[in-house]
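Architecture and fold: a report
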Amino acid sequence: LSLRFPQKLWKMLESDQFRSIWWSEGGKCVAINKDLFETEVLGREGQQVFHTQKIKSFMRQLNAYGFIKMQRNFQRSASLPEFLAEEAAASAHSQILYYYNPSFNREHPMLLETCRRR
């Protein structure tokens, strides 16, 4: 039995097997550590989760199912030491991609059936 893309994604998020992808924003967004995802998920030999090894193809799949990329807004501090610490944290977050789809919400799994390819 082959699962559709949204079901595969949901199953990954609910699994503790992957460190590169997780629920964010209280289960409303999908967070992906781009570099780790490329090696941990897309670079798997033999047991591919998705039918691609390229992050751009995976992101096209997300877009095809109505996911939109979210921008992270960081509030900046006035003091220089705090500003520099926040800059370091923000650059670490630059490899993390956030995607949102109103039909893909951890608190409402029944909405998953409405998550269709455009």
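What you are looking at is a predicted structure, and each value in this text was computed from that prediction instead of being measured.

**Things to note about the pairing of strand β1 (residues 21-24)**
Bridge count between β1 and strand β2 (residues 29-33): 4 bridges; the pairing is antiparallel. Bridging from a neighbouring strand, I21 pairs with I32 of β2. What sits between β1 and β2 in their antiparallel hairpin is a turn of 4 residues, with E25 showing a positive phi close to 50°.

**A word on the pattern of salt bridges**
Here the structure, examined in full by the defined rule, presents 1 salt bridge. Residues E14 and R106 are paired through a salt bridge, measuring 3.0 Å at the closest nitrogen-oxygen approach. On the criterion of sequence distance, the pair formed by E14 in helix α1 (residues 5-14) and R106 in the segment after β4 (96-100) is long-range, its members being 92 residues apart. You can call E14 partly exposed: its relative accessible area is 39%. Take R106: its relative accessible area is 38%, and that puts it in the partly exposed class.

Conventions and cut-offs
- Here the residue numbers are simple positions, counted from 1 along each chain's written sequence.
- Per-residue local features are limited, in this predicted model, to residues with pLDDT of at least 70; the limit for side-chain atom pairs, both in listing and counting, is 80 or more; totals at the level of whole chains, interfaces and linings are taken over all residues.
- As a convention, hydrogens and water are excluded, and side-chain values are obtained from all of the structure's heavy atoms.
- Only strands that DSSP links by at least two bridges are regarded as paired with each other.
- For helices the rule is a DSSP run of H or I covering at least 4 residues; for strands it is a run of E covering at least 2, with both sets numbered from the N terminus onward.
- In what follows, salt bridge is the name for a side-chain nitrogen of Lys or Arg lying within 4 Å of a carboxyl oxygen of Asp or Glu.
- Summary of the burial criterion: residues with accessible area below 20% of their type's maximum are buried, those above 50% are exposed, and those between are partly exposed, where the area comes from a 1.4 Å probe applied to protein chains only.

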